[in-house]
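Coordinates in review
This is what each chain is made of:
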Amino acid sequence: MLSKGEIPSIPHDSTVEVWGEIENELTVSLDEFKTLDSETQRQDFHCVTGWSRFDCLFHGVMFPTLAEHVGVREEASHVLFHAYDGYTTDLPLSECLFDGLLLAWALNGEALPAEHGGPLRAVTPHKYAYKGAKWLSGIEFTSEPKRGYWEQRGYSSSANPWKEERYV
Ligand SMILES: Nc1nc2c(c(=O)[nH]1)N[C@H]1C(S)=C(S)[C@@H](COP(=O)(O)O)O[C@H]1N2
Ligand SMILES: [Mo]
């Protein structure tokens, strides 16, 4: 799977809403993301249908950095990522508190191309790639699991590629 539909048109000044079981609900612009600590990581990318892409240089904010910035509450146990094409995908919070989960705006030294989820996407090298929402519009912290787009259609919530967790 690549995308469930067309590349959505995203306003130039688009923002990401961060809400739910956190102390500071925020609306974050790309420029504001860029003021947080960020890093470049060399990552591989595994689609659940079998293809992989190796050695992608992604640059962005590590999820734990954002989690600290917004002050995650004890009640939070899961995260639902929302995207501008209506896509959603969920993960347990414990699986998000991982330095490899980047909220990325650059790929191989260039602004992230729209087809790969620009201006901002999540990348999840420890998970199948459907966990990495392109065209990110929101990050919701919840106290219970809420299923995402593919997860509602039978794909695994944990999606560990090393264990080949594809389906429920
Ligand atoms: N918003 C959104 N994110 C998405 C998808 C999608 O349809 N919409 N598809 C997922 C799937 S199944 C894969 S394999 C990767 C593909 O990323 P790429 O287009 O950069 O290769 O994006 C993931 N993120
Ligand atoms: Mo995929």
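The sections below set out a description of the structure shown in this document. (Residues numbered from 1 in each chain as written. Chains lettered and ligands numbered in written order. Predicted model: local features only at pLDDT ≥ 70, side-chain atom pairs only at ≥ 80, totals over all residues. Heavy atoms only, no water.)

Thoughts on the environment of Ser9
Short version of the rule: Per the convention used, a helix needs a DSSP run of H or I reaching at least four residues, while a strand needs a run of E reaching at least two, with both numbered from the N terminus.
Among the structural elements, Ser9 can be located in the segment before strand E1 (15-20). Between the C-alpha atoms of Ser9 and Thr40, which are 31 residues apart in sequence, the distance is 26 Å.

Some words on the site of ligand 1
Note the threshold: Residues are classed as near a molecule or strand on a simple rule: at least one heavy atom within 4 Å of it. Counted as a polar contact is a pair of N or O atoms within 3.5 Å, where, for protein atoms, one must be capable of donating a hydrogen and the other of accepting one, and residues adjacent in sequence contribute only when both atoms are in side chains. Accessible areas in this description were obtained via Shrake-Rupley with a 1.4 Å probe; residue shielding takes into account the shown protein chains only. Any residue that is not Ala, Val, Leu, Ile, Met, Phe, Trp, Tyr, Cys, Pro, Asp, Glu, Lys or Arg is counted as polar, Gly included; the first ten are nonpolar and the last four charged.
If you check the shell around ligand 1, you find 20 residues, and the closest are Leu2, Lys4, Arg53, His116 and Lys134. Arg53 is positioned with one of its side-chain polar atoms (N or O) 2.6 Å from an oxygen atom of ligand 1. In the complex, the protein chains occlude 99% of the 540 Å² of accessible area that ligand 1 would expose alone. Split by residue class, the shell around ligand 1 holds 11 nonpolar, three polar and six charged.

A short note on the nonpolar core
Inclusion rule: Note on terminology: a nonpolar core comprises buried Ala, Val, Leu, Ile, Met, Phe, Trp, Tyr and Cys residues joined through side-chain atoms within 4.5 Å. The classification of residues rests on relative accessible area computed with a 1.4 Å probe and restricted to protein chains. Under 20% of the type maximum is buried, over 50% is exposed, and intermediate values are partly exposed.
Counting residues in hydrophobic clusters, the biggest one holds 37 residues, and the most contacted among them are Phe33, Phe63, Phe81, Ile139 and Phe141. Breaking this core down by element, the ones donating at least two residues are E1, helix H2 (63-70), strand E5 (78-83), helix H3 (93-96), strand E7 (102-107), strand E10 (136-142) and helix H4 (149-152). Examining the composition of this core, we find that four residues originate from one element, H2, more than from any other.

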